[in-house]
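Take a look at the letters that make up each chain.
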Amino acid sequence: MSFNIDFKNCGDIFSLPEFDIYKIRALDAHEALVSGSGTGADMTLWHDLPERTADEELSAIKECARNIQKNAGAFVLIGIGGSYAGARGAIEFIKGRNYNLKTKDTPMVFYSGCDLSPDSMNSVIDMISERDFYINVVSKSGTTLEPDLAFKIFGGLMEKRYGKRGAAERIIVTTDPEKGLLRELSKKCGYKSFDVPRGVGGRYSVLTAVGLLPMAVCGVDIDEVMRGARDAYRDFMEAEFSDNLCLKYAAVRNYLYDRGKCVEIFASFEPDLHAFGEWLKQLFAESEGKKGGGIFPVFTAFSTDLHSIGQYIQDGTKNQFETLLWPESPRTDITMPEGAPGDALSYLSGMKLSEINRSAMISSAAAHRDGGVPNLTVSFPRADAYSYGYLTYFFEKACALSGYILGVNPFDQPGVEAYKGYMRKLLKKPAQ
Ligand code: PA5
């Protein structure tokens, strides 16, 4: 069992003469990415990061995580967008969405700085009120309002609880290696810090300290994550188009987009992949939604959403294609018990729940295909640290290639600035 993509529900796409141009575009995009001749090339240093990450960097992250595990029952991750979504996706993918509720010897993890809701912030404040805690504030720019504001509040609480000196030992900053307010502050106050490496934007940064520290704090084996990412880097660097699933996926997405399929539904039958799906939305939407175009990504959790959005997918506007995320083996399983005679479910007796889930996956994919929604299934051995690293690298590279095929810069996000301008006016922010 290994990483694979089943394209059969997209039809015989690879043998169509009109597909040839997408193969050429994907190869050109790959060349542009690897040679650094594409748009936004200065932000493509994530590309060979799995090969370049030094053992010392991983050791420093692990040591910091051990220290946090020893001294805290709670870890507050402050960040937004790429400085938040990746880490959360990783933790829930590998440790499960109920991580906080499990009996464990690692701290609970709470998220803040990704909204401005007082209720949301107060609920985290409640959760840490009787637990020793650490803060990891993650912001590449150091100037994003939401995390800055959360840091002000949680930093203040921390000083109140542990004093200035004690607080300085419990605040970890992940930011630009040299510039920005957070970098200055970490130097001034003596906070432990990690770098968001130069040339790596937020949504491509989860395989750096941005995501690796929170993962390690929650007990994720980050060496395995990086081993998966490294294998993916090698697999998709060298392989010819016919064997290169990353190039093929990028080409197919664009082929479908040019034929009116402007919505990509990422779907999973594993609820633990929900937060990973949120990261995928962020990665693709911020990278591709530009110049009045781009594929709109959504995430659906099946079977739950088969009984809501499923109706629309089957019978609604035909502007979608679907990308299913499928771990071949669950982490655990359940055998259906024998039923009493006449039990309506006795035909399932003795079956594994995972087999029944698989049949739901195969059936919905077939039904959606019949309903005019082409779909592909991205499968991987299981939802563990290795597969997480592999999949993450796969999607980062596929997203960059897709953006190049689409003709946009997949590494900037100018549109995100628009609401900030209005907010500055509303809040009467003084000019700087
Ligand atoms: O992908 C991106 O670059 C963005 O989503 C950023 O991560 C997000 O806006 C947060 O920015 P910063 O890390 O500078 O606070």
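Whatever comes next refers back to the structure up there.
Below is a short write-up of the structure. (Residues numbered from 1 in each chain as written. Predicted model: local features only at pLDDT ≥ 70, side-chain atom pairs only at ≥ 80, totals over all residues. Heavy atoms only, no water.)

### Regarding the overall build of the chain
Put simply, the test is: Secondary structure elements are taken from DSSP: a helix is a run of H or I of four residues or more, a strand is a run of E of two residues or more, and numbering for both begins at the N terminus. Only heavy atoms enter the contact rule, under which two residues are in contact if any of them lie within 4.5 Å. Using a 1.4 Å probe, the Shrake-Rupley method yields the accessible areas, and only the shown protein chains count as cover for residues.
Looking only at helices and strands, one finds 15 helices and 10 strands in the chain. Across its three principal directions, the C-alpha atoms of the chain cover 65 × 65 × 45 Å. In the chain, of all internal contacts separated by at least 6 residues, the share reaching a separation of at least 24 is 79%. Total accessible area computed for the chain in this model is approximately 19,500 Å², and 53% of it derives from carbon and sulfur atoms.

### Concerning the layout of surface pockets
Which entries qualify depends on this criterion: A pocket here means an open set of points on a 1 Å grid, computed over the protein atoms alone, that has protein on both sides within 12 Å along at least five of seven lines. A cavity is instead a set of points where a 1.4 Å probe fits but cannot get out; residues with an atom within 4 Å of a point line either one. Grid points are joined across faces, edges and corners, and a volume is the space filled by probe spheres set on the points.
The calculated volume of the largest pocket comes to roughly 1,400 Å³. If you trace the largest pocket, you find 43 residues lining it, with S141, T143, T144, L145 and K420 closest to the centre. Those elements that place two or more of their residues in the lining of the largest pocket are α6 (145–170), α7 (181–189), α11 (274–288) and α15 (417–426). Of all the elements, α6 adds the most residues to the lining of the largest pocket, at eight residues.

### Some details on the packing of helix α3 (residues 55–71) against helix α9 (residues 222–238)
Rules: Angles run from 0 to 180 degrees between N-to-C directions of axes, and those axes are lines fitted to C-alpha atoms, restricted for helices to the stretch in contact. Note on residue categories: nonpolar means Ala, Val, Leu, Ile, Met, Phe, Trp, Tyr, Cys or Pro, charged means Asp, Glu, Lys or Arg, and polar means any other residue, Gly included.
With their axes 11 Å apart at the nearest point, α3 and α9 run at an angle of 145° to one another. Across from L58, I61 and K62 in α3, the residues of α9 making contact are I222, D223 and M226. Residue composition of the contact of α3 with α9, by class: four nonpolar, no polar and two charged.

### Remarks on the site of the ligand
Rules: Being near a molecule or strand, for a residue, means having at least one of its heavy atoms within 4 Å of it. Here a polar contact is recorded for every N or O atom pair within 3.5 Å, except that within protein the pair must consist of a potential hydrogen donor and a potential acceptor, and residues adjacent in sequence are included only if both atoms are side-chain atoms.
What surrounds the ligand is a group of 13 residues, the closest being S83, S139, S141, T144 and E286. The contact in question runs from an oxygen atom of the ligand to an N or O atom on the side chain of S139, over 2.6 Å. Between the ligand and T144, the relevant distance is 2.5 Å, taken from an oxygen atom to a side-chain nitrogen or oxygen of the residue. For the ligand, whose unbound accessible area comes to 380 Å², protein coverage reaches 89%. Split by residue class, the shell around the ligand holds one nonpolar, nine polar and three charged.

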